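# Inside the fold
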Amino acid sequence: MNNERVLQIARVFLRLALGITFLFSIADRFGWLGAYGSKNVSWGDWTHFVQYVVVLNSFVPKSLIPGLAVLETIIELGLGIALLLGIYQRVVAWSSAALLLSFALTMSIALGITAPLSYSVFAALGAALLLGAVAVPHAACSSARPNSTVEFASSNLRDRTLT
């Protein structure tokens, strides 16, 4: 297996791993993974999730916390779906890295460095950064097919006229 093939597989794996992680986090806050206190459940319901958002964002006015929780959920949902579908890969990867960096910073400040390390936030941040670095830019993806067809067609036409 050559390096290009390994890179293709790694891109897909990173996209799926990050996307599924974002979507599992959303499932947890809606109680779809089990009730609060169950094994492998962090929040178990929306109320416990919002309480966690309060802890991480003590510098934000309390009246803005519910909106921040909703906004965070919408962003994670959008990024998770985009990662799974493989659309706008570079932009989505950089956006995921920015979101994960904000998580890492707020968790580190509010709970200490152990929290983001225990939840592998820095590892996910590194994965998002790497994915952003190796993802094919959207413009290159959308223009690759037409250009290659045109180039192929024109070279085919040139070959016919020369013979």
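Described in the following lines is the structure provided in the data block. This is a predicted model, so every value here is computed, not measured. (Residues numbered from 1 in each chain as written. Predicted model: local features only at pLDDT ≥ 70, side-chain atom pairs only at ≥ 80, totals over all residues. Heavy atoms only, no water.)

## A short note on the layout of surface pockets
Quantified by volume, the largest pocket comes out at close to 950 Å³. Contributing to the lining of the largest pocket are 38 residues, with S25, W43, E76, F103 and V121 lying nearest its centre. If one sorts the elements of the lining of the largest pocket by residue count, helix α1 (residues 3-29) sits on top with ten residues. Residues that form the lining of the largest pocket fall into these classes: 24 nonpolar, ten polar and four charged. (1 Å grid on protein atoms, 1.4 Å probe; cavity = no way out; pocket = protein on both sides within 12 Å on 5 of 7 lines; lining within 4 Å. Points joined across faces, edges and corners; volume = space filled by probe spheres on them. Helix = DSSP H or I, 4+ residues; strand = E, 2+ residues; numbered from the N terminus. Nonpolar A, V, L, I, M, F, W, Y, C, P; charged D, E, K, R; others polar.)

## Concerning the packing of aromatic side chains
Under the defined criterion, the tally for this structure stands at five aromatic pairs. Between F30 and W46, the ring centres sit 5.6 Å apart and the planes meet at 15°, which makes this aromatic pair stacked. Linking F30 in the loop between α1 and α2 (46-56) with W46 in helix α2, this pair joins segments that are 16 residues apart in sequence. Residue classification places F30 among the partly exposed residues on the basis of a relative accessible area of 39%. (Phe/Tyr/Trp six-rings, centres within 6.5 Å; stacked < 30°, edge-to-face > 60°. Buried < 20%, exposed > 50% of the residue type's maximum accessible area, 1.4 Å probe, protein only.)

## Some details on the side chain of N57
Within the secondary structure, N57 sits in the loop between α2 and α3 (65-85). Ignoring any residue separated from it by four or fewer positions in sequence, one finds N57 in contact with I65, L68 and T106. (Contact = heavy atoms within 4.5 Å.)

## Remarks on α3
Over its 21 residues, α3 runs 30 Å from end to end, which matches the ideal 30 Å to within 8%, given 1.5 Å per residue. Of all the positions in α3, only I65, A69, E72, T73, E76, L79, G80, A82 and L83 are classed as buried. Where α3 is buried, its residues contact α1, α2, α4 (89-111) and α6 (121-134). Directly after α3, the chain includes G86, whose backbone phi takes a positive value near 75°. (Expected span 1.5 Å × (residues − 1).)

## Observations regarding the nonpolar core
Counting residues in each nonpolar core, the largest one holds 22 residues, and the members touching the most others are L18, F22, L83, L100 and L131. For this core, the secondary structure elements donating two or more residues are α1, α3, α4 and α6. At eight residues, α4 tops the list of elements feeding residues into this core. Core analysis: the second largest hydrophobic core is formed by seven residues, F49, V53, V60 and A69 among them. (Core = buried A, V, L, I, M, F, W, Y, C linked by side-chain atoms within 4.5 Å.)

## Here we look at the environment of A104
Relative to the helices and strands, A104 resides in helix α4. It is 9.6 Å that separates the C-alpha atoms of A104 and Y119, two residues lying 15 residues apart in sequence. Contacts of A104, omitting those with residues within four sequence positions, involve P116, V121 and F122.

## Some thoughts on the packing of α1 against α6
Helix packing for two helices is described by the angle between their axes and how far apart those axes are. Contact geometry for α1 and α6: axes closest at 10 Å, N-to-C directions at 135°. Here α1 lies oblique to α6, going by the angle between them. Here α1 runs over α6; the crossing is left-handed. Counted together, L7, R11, L14, R15 and L18 of α1 and A124, A127, A128, L130, L131 and V134 of α6 form the full contact between these two elements. Counted by class, the contact of α1 with α6 contains nine nonpolar, no polar and two charged residues. (Axes fitted to C-alpha atoms, helices over the stretch in contact; angles between N-to-C directions. Parallel < 35°, antiparallel > 145°, perpendicular 65-115°, else oblique. Left-handed = near helix turned anticlockwise from the far one by under 90°.)

## Structural notes on the environment of F13
In this structure, F13 sits in helix α1. In sequence terms F13 and L131 are 118 residues apart; their C-alpha atoms lie 9.8 Å from each other.

## Overview of the environment of L33
Of note, L33 is situated in the loop between α1 and α2. The class of L33 is partly exposed, set by a relative accessible area of 35%.

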